[in-house]
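Summary of the model geometry
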Amino acid sequence: MTLSERMYLPAIAQGLGITIKHFFKKKATINYPEETRQRSEIWRGLHVLKRDENGAERCTACGLCAVACPAEAITMTAGERKKGEEHLYREEKYAVTYEVNMLRCIFCGLCEEACPKAAIFLQDDKLAPARYERDEFIYGKDRLVEPLKTTETK
C-alpha cells in the first residue's frame, strides 16, 4: 500500500464526495401538516359506515365484513330494530355495536368488497391520527358512522 492509501486519503476523499453529492440533492422530507404527499389512486384510509339517501344506516349486521377481515379487526353485535326506529336503520336487523381495531387492521379493503349493502367504505382522504392510548384505536360507531347530512334552506 502506498503512503496515501495507508493514511486512508482516497477513502476520505470518496466519502466527502458522496456527502457533497447528497448535500445538493432534493430533500426527501416534507413539512407534513402544511404539505402532504401525493397518494396512490388505490390508497385506502380510515373506515366509515355509510348512510343511505334517507339518512338511515346501511349496515344490517350480516357479519360478512368481519368474516372477510384477515386480521380479525372487526367485531359487531346485531340487534332488532324497535318500533319508531324505522328512520334510523334500513333493515329490521342492525349493528348495535360495530368496532374496528385500527391496530389490527391492515387496510386491505376486503371488508369493503364483502359488504353486500355497501355500508363500509375506506376513505381515500383521511389518515388514522396518532394517539397515545391503545383503547383510542378501537373505533366504535360513534367515530365510524357517517354524520347526517343537513340540508339548509335559504
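Remember, it's a predicted structure, so these values are computed and weren't measured experimentally. All chains use their own residue numbering, which begins from 1 and follows the written sequence. Restriction of local features to residues with pLDDT of at least 70 applies here, the model being predicted, together with a cutoff of 80 or more for giving and counting side-chain atom pairs; totals for whole chains, interfaces and linings are based on all residues. Water and hydrogen atoms were dropped before computing side-chain values, which therefore reflect all heavy atoms in the structure.

Taking the numbering used here, the UniProt-annotated feature "binding site: [4Fe-4S] cluster 1" (unreviewed entry) corresponds to C59, C62, C65 and C115. The annotated residues occupy 57 residues of the chain but converge on a single region, no pair of C-alpha atoms lying more than 10.3 Å apart. By definition, any uninterrupted DSSP run of H or I lasting at least four residues is a helix, any uninterrupted run of E lasting at least two residues is a strand, and each is numbered from the N terminus. Residue position: C62 is located in the loop between β1 (47–49) and α3 (64–68). Two residues form a contact once any of their heavy atoms are found within 4.5 Å. With sequence-adjacent residues up to four places away left out, C62 is seen in contact with K93 and P116. With respect to the helices, strands and loops of the structure, C65 is situated in helix α3. Burial here depends on accessible area, computed with a 1.4 Å probe over protein chains only, as a share of the maximum for the residue type. Under 20% is buried, over 50% is exposed, and the range in between is partly exposed. Taking relative accessible area as the criterion, C65 reaches 7% and is therefore assigned buried. UniProt positions are given in the numbering used here, feature names are shortened, and annotations may be inferred rather than shown by experiment.

Should DSSP find at least two bridges between two strands, the strands are regarded as paired. A sheet is described by the order of its strands in space; here three strands give the open sequence β2-β3-β5, paired in antiparallel fashion. Looking along the sheet, the strands with just one partner apiece sit at the ends: β2 (74–80) and β5 (138–139). Of the pairings in the sheet, the one linking strand β3 (residues 93–101) to β5 comprises two bridges and is antiparallel in character. Bridge assignment links N101 to a residue of β5, and that residue is I138.

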